[in-house]
Amino acid sequence: GGGGGGLSKTSSGLLTSSQPSISEEDAELPKDLPWKKRAGGFDYVVFVIRDVDIYAVTALKLQDVDAYAILDESSPPRKSETRAAATRVLSILENETKSIRNNQDDDTPSSSLLLQTLDPTKDLKITNVDDAEACQRHAKALAQLPSLPTDVDSKTLSQWSRLLDCERYLLHQIDQLKFGLSDANLALTPDFETKTKVLKYMGYLDEARAVTLKGRVACELSTGDELIGAEIVFGGCLEKLTPAEAAALLSALVFQEKNASAPDYDALPVNLQDSITLANTLAIRAGDIQRDFGLPVIGDDYCAENLKFGLSEVVYRWAMMDSFSEICQLTDVPEGTIVRTITRLNETCRDVKNVARIIGDASLSQKMEDAMALIRRDIVFSASLYIGS
């Protein structure tokens, strides 16, 4: 039958040893704790406890305990020395425990040093005011705990201990899950911080990381690249354009085909050509800024990937009331892609109209309203392409 005990750096202050003292920085505990062992008829466990798990510091002092022998990891281990050291500790604890039980049976107060706790200020010489107050709060909290029933046996205590271990494990799992969902666990934190700096530099966030007016505009653009879309709005690309020309320019944000033939830029109005050049310049600049802050972005590639003017001429002619069969002759892009692009373009125009409302630009809002009216017609916006006789 037996008792149990634990040794750790946090409880080593209760031990006096003939071994030379070592600093906590130099102390190294075995890696594979806890150990379940047996010595002198006692079953015991060697494990590490946390400082928050210490109930109290008692007056019982274990003399001449060879902690090095108990924690011996030599190969082969000095089993006789380990058992002797552990037996001495466990024998003292067993005698104290028997004394407590006997006094409980006789209804007389126990004189066991194991039950006498040290006063933080008088015995432990704690002089720091905050630490002393913390000890007092700890003592009050312990005094409110219900006393342990006298009829509880070791088997019940073991069951309770296992339940507490399960509770600690589950709480640890909960903490891990909370951490996994928190901002502190962002796997891409460096990338996030870099992009935040880019947004601050470009005026989408202020120094407190609050979204600015320009940032709100970018948030409203749900189709295409938000940065380029916002730069087009604030860069003045749409100011001098007619509704049809504005629709042709914005089509570059939603058209996704990479291998489409280039439009005939000479056939486009001069204002639209100038706006296309300006939009490309703004997109390249946005890419270069990201590269300057360390992001793997190249300005020209960023522009080519997010601004595709392959259907600008087609959309312009469609807004100018050309038939669907006529605009299909202007490009090698399939008809289904043309329909899909113009449909998404209608959503982009609606987003820009909402943007105009946010920034208070009534002229731009009306321009987008007119552009939507020009492209929402005929077969492109038919309820079904299957037409009966």
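Reading the values: rules and limits
Residues numbered from 1 in each chain as written. Predicted model: local features only at pLDDT ≥ 70, side-chain atom pairs only at ≥ 80, totals over all residues. Heavy atoms only, no water. Helix = DSSP H or I, 4+ residues; strand = E, 2+ residues; numbered from the N terminus. Buried < 20%, exposed > 50% of the residue type's maximum accessible area, 1.4 Å probe, protein only. Contact = heavy atoms within 4.5 Å. Phe/Tyr/Trp six-rings, centres within 6.5 Å; stacked < 30°, edge-to-face > 60°. Lys NZ or Arg CZ within 6 Å of the ring centre and 35° of its normal. Axes fitted to C-alpha atoms, helices over the stretch in contact; angles between N-to-C directions. Parallel < 35°, antiparallel > 145°, perpendicular 65-115°, else oblique. Left-handed = near helix turned anticlockwise from the far one by under 90°. Patch = residues over 30% accessible without salt bridge, like charges linked within 9 Å, V, L, I, M, F, W, Y side chains within 5 Å. Areas by Shrake-Rupley, 256 points an atom, 1.4 Å probe, with all protein chains shown as cover. Salt bridge = Lys/Arg side-chain N within 4 Å of Asp/Glu carboxyl O. Pairing = 2+ DSSP bridges. pLDDT = per-residue confidence, 0-100. Nonpolar A, V, L, I, M, F, W, Y, C, P; charged D, E, K, R; others polar. Core = buried A, V, L, I, M, F, W, Y, C linked by side-chain atoms within 4.5 Å.

### A short note on unusual backbone geometry
- Of note, M321 is a non-glycine position whose phi angle comes to about 75°, a positive value.
- In this fold, M321 is placed in the loop between α11 (312-319) and α12 (324-328).

### Re α11
- Buried residues dominate α11, accounting for seven of its eight residues.
- Every buried residue of α11 is listed here: S312, E313, V314, V315, Y316, W318 and A319.
- Its buried side turned inward, α11 meets α8 (243-254), α12, α13 (335-359) and α14 (362-375).
- Once α11 ends, the next one or two residues include M321, with phi positive near 75°.

### Quick notes on the packing of aromatic side chains
- Counting across every chain of the model gives two aromatic pairs.
- Between W318 and F324, the ring centres sit 6.1 Å apart and the planes meet at 90°, which makes this aromatic pair edge-to-face. Comparing W318 with F324, the two get one shared label, buried.
- Positioned above the aromatic ring of W318 is the side chain of R377, whose terminal nitrogen or guanidinium carbon lies 3.7 Å from the ring centre.

### A few points about the packing of α13 against α14
- The N-to-C vectors of α13 and α14 enclose an angle of 165°; their axes lie 8 Å apart at closest approach. On the basis of their axis angle, the class for α13 and α14 is roughly antiparallel. When you trace α13 past α14, the crossing you get is left-handed. Of α14, the residues touching α13 (which contributes I342, L345, N346, C349, R350, V352, K353 and A356) are L364, S365, M368, E369, A371, M372 and I375.

### A word on a nonpolar patch on the surface
- A surface patch of nonpolar side chains, about 300 Å² in accessible area, is lined by L157, W160 and L163.
- In this structure L163 comes out as exposed when scored by relative accessible area, which is 58%.

### So, the environment of D292
- Topologically, D292 is positioned in helix α9 (residues 270-292).
- Take D292: its relative accessible area is 57%, and that puts it in the exposed class.
- Residues D292 and V198, 94 residues apart in the sequence, show an inter-C-alpha distance of 9.1 Å.

### A look at the pairing of strand β2 (residues 42-46)
- The two faces of β2 differ: F42, Y44 and V46 on one face are buried, but D43 and V45 on the other face are not.
- Two elements, strand β1 (residues 35-39) and β2, share five bridges in a ladder whose sense is antiparallel. By the bridge assignment, R38 is partnered in β2 with D43.
- From the end of β1 to the start of β2, which pair antiparallel, there are two residues, and G40 there has a positive phi angle of about 55°.

### Things to note about the confidence of the model for the protein chain
- With 80% of its residues at a pLDDT of 70 or more, the protein chain has an overall mean of 80.
- For the protein chain, helix α2 (residues 79-106) is the element with the lowest average pLDDT, namely 71, and α8 is the one with the highest, namely 95.
- For the stretch residues 1-26, pLDDT sits under 50, and the model shows 54 contacts to residues farther than four places along the chain or on other chains.

### Topic: the packing of α8 against α11
- Close contact between α8 and α11 brings their axes to 8 Å; oriented N to C, the two are set at 150°. Relative to α11, α8 is oriented roughly antiparallel. Where α8 crosses over α11, the two elements pack in a sense that is right-handed. Across the interface between the two elements, A244, E245, A247, A248 and S251 from α8 touch S312, V315, Y316 and A319 from α11.
- The class makeup of the residues in the contact of α8 with α11 is six nonpolar, two polar and one charged.

### With respect to the nonpolar core
- Residues I232, L238, L249, L307 and I338 are the most contacted members of the largest nonpolar core, which totals 62 residues.
- Ranked by residue count, the leading element in this core is α8, at nine residues.
- Not counting chain neighbours up to four residues away, the residues in contact with L307 comprise I228, I232, A252, L253, A279, N280 and A283.
- By size, the runner-up hydrophobic cluster in this structure holds 15 residues, among which are F42, Y44, V46 and L62.

### A closer look at the pattern of salt bridges
- Inspection of every chain in the model, using the stated rule, returns seven salt bridges.
- Ionic pairing is found between R209 and E193, a salt bridge with its closest N-O pair at 2.4 Å. Within this pair, whereas R209 is found in the loop between α5 (189-202) and α6 (213-220), its partner E193 is found in helix α5, the two being separated by 16 residues in sequence.
- Put simply, R291 and D288 hold a salt bridge, and the shortest N to O gap is 3.5 Å. Here the residue R291 and the residue D288 both occupy positions in helix α9, the gap between them amounting to three residues, near one helical turn.
- Since its relative accessible area comes to 42%, R291 is described here as partly exposed.

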